[in-house]
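Survey of secondary and tertiary structure
Single-letter residue listing:
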Amino acid sequence: ARADGGDRCRFYDPASDLDPTPSDQGLIAEIRGGLEQGRFNMRYQPIVALSSRQVVGYEALMRWRHPVRGEVPPTEFIAAAEKSGLIHALGDFALIQSCLDAATWPPALQVSVNMSVVELLESDAPRRIMAALAGAEMAPHRLRIEITETARIPDLGRLRTAIDEIRTLGVTVALDDFGTGHSSLTHLQSLSFDCLKIDHRFVQDLATPRTASMIRMLVAYARQIGVMVVAEGVETEAQATQLAQMGCTHAQGWLFGRPMLATELPGWQLAS
Ligand code: C2E
Ligand code: MG
Ligand code: MG
Ligand code: MG
């Protein structure tokens, strides 16, 4: 990858970081086996309105129940899945399972499903999303797709088309992990998002005045362009209070609730 400055350098030749390394190969074989054995499942983490602390929906987060390693987080397998094409099978599982689970919740609640740019660009994402909604008989506005860039975007025009097609279905779209290396202001400005998720690293650094100023600026910008803001990784009351004062309307994090199994949700209530 090129190291020279400027955003353009991220729109790269896809050969570089999408090729599996030898050490990925074993993991890829294990993921394939795990899929065949039904070892993947979804957890759901509440997203709340900061003013009322009411749950407005849940983010679906994938887990792998590994026979030896126990519960494996997606950070340890999504990248390898993307390099192997298995991401499409995993992505379909996430979409279908999340819609089926959300269809049993009160209809005011949304479900947010993560999709990487690789998934959006390499498959017919709008059709797969429509099929998952139809299979669960769920209204499209109850689904939000969170887009994460795990790699640089080879074709911004195609990504724009995919996002626009998804929004045409009535599904909302969020820019995930805002503020990390790959998720930039350029994307917020040039693509159509309904929601912006501020990365947990910023939230954890709120005590730093510069970080606080930047979040305040982002929240104001998002409000002006009609984009809802969700702060991620909120762990303390102090963070929640500060974010609310900055005009941030929604949040998610261990303060409000951990990612839970679908079966745990009916009995779960916010402790407050
Ligand atoms: P993300 O979409 O940004 O999800 C938020 C991550 O923050 C989750 O990690 C969640 O468990 C964690 N988190 C929640 N609250 C807190 C908190 O208060 N403090 C801290 N430190 N962390 C918190 P997780 O579940 O390990 O997922 C990691 C990433 O994997 C996700 O980041 C998302 O990009 C990706 N991912 C998860 N599920 C899927 C999926 O079904 N498909 C795809 N393509 N990617 C997925
Ligand atoms: Mg997410
Ligand atoms: Mg995130
Ligand atoms: Mg993330």
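Thresholds, definitions, all that
Residues numbered from 1 in each chain as written. Chains lettered and ligands numbered in written order. Predicted model: local features only at pLDDT ≥ 70, side-chain atom pairs only at ≥ 80, totals over all residues. Heavy atoms only, no water. Near = heavy atom within 4 Å. Polar contact = N/O pair within 3.5 Å; in protein donor to acceptor, adjacent residues only side chain to side chain. Areas by Shrake-Rupley, 256 points an atom, 1.4 Å probe, with all protein chains shown as cover. Helix = DSSP H or I, 4+ residues; strand = E, 2+ residues; numbered from the N terminus. Nonpolar A, V, L, I, M, F, W, Y, C, P; charged D, E, K, R; others polar. Core = buried A, V, L, I, M, F, W, Y, C linked by side-chain atoms within 4.5 Å. Buried < 20%, exposed > 50% of the residue type's maximum accessible area, 1.4 Å probe, protein only. Contact = heavy atoms within 4.5 Å. Axes fitted to C-alpha atoms, helices over the stretch in contact; angles between N-to-C directions. Left-handed = near helix turned anticlockwise from the far one by under 90°.

**Remarks on the site of ligand 1**
Ligand 1 sits among 25 residues. The nearest are E59, R63, D176, E235 and W254. Contacts to ligand 1 include M62, whose backbone N or O atom sits 3.1 Å from a nitrogen atom. Contact between ligand 1 and R63: an oxygen atom at 2.8 Å from a side-chain N or O atom of the residue. Coverage of ligand 1 by the protein chains reaches 86% of its 800 Å² of free accessible surface. Within the residue set of the shell around ligand 1, elements represented by two or more residues are β1 (40–49), β2 (55–66), β4 (110–116), β5 (143–148) and β6 (172–178). Take the shell around ligand 1: its biggest share by element is four residues, from β2. Across the shell around ligand 1, the residue classes break down as ten nonpolar, seven polar and eight charged.

**Some details on the nonpolar core**
With 77 residues, the main nonpolar core has I31, I129, L143, I145, L159, L196 and L243 as its most contacted residues. Here the element with the most residues in this core is helix α4 (residues 87–102); it accounts for six residues. If sequence neighbours within four positions are ignored, I31 has contacts with F40, W64, F77, A80, A81, L86 and L90.

**Remarks on the packing of α4 against helix α6 (residues 125–136)**
The N-to-C vectors of α4 and α6 enclose an angle of 35 degrees; their axes lie 8 Å apart at closest approach. At the point where α4 passes α6, the crossing takes the right-handed sense. When α4 is examined against α6, the residues H88, G91, D92, L95, I96, C99 and L100 are found in contact with a partner set consisting of R128, I129, A132, L133, G135 and A136. Taken together, the residues that form the contact of α4 with α6 break down as eight nonpolar, three polar and two charged.

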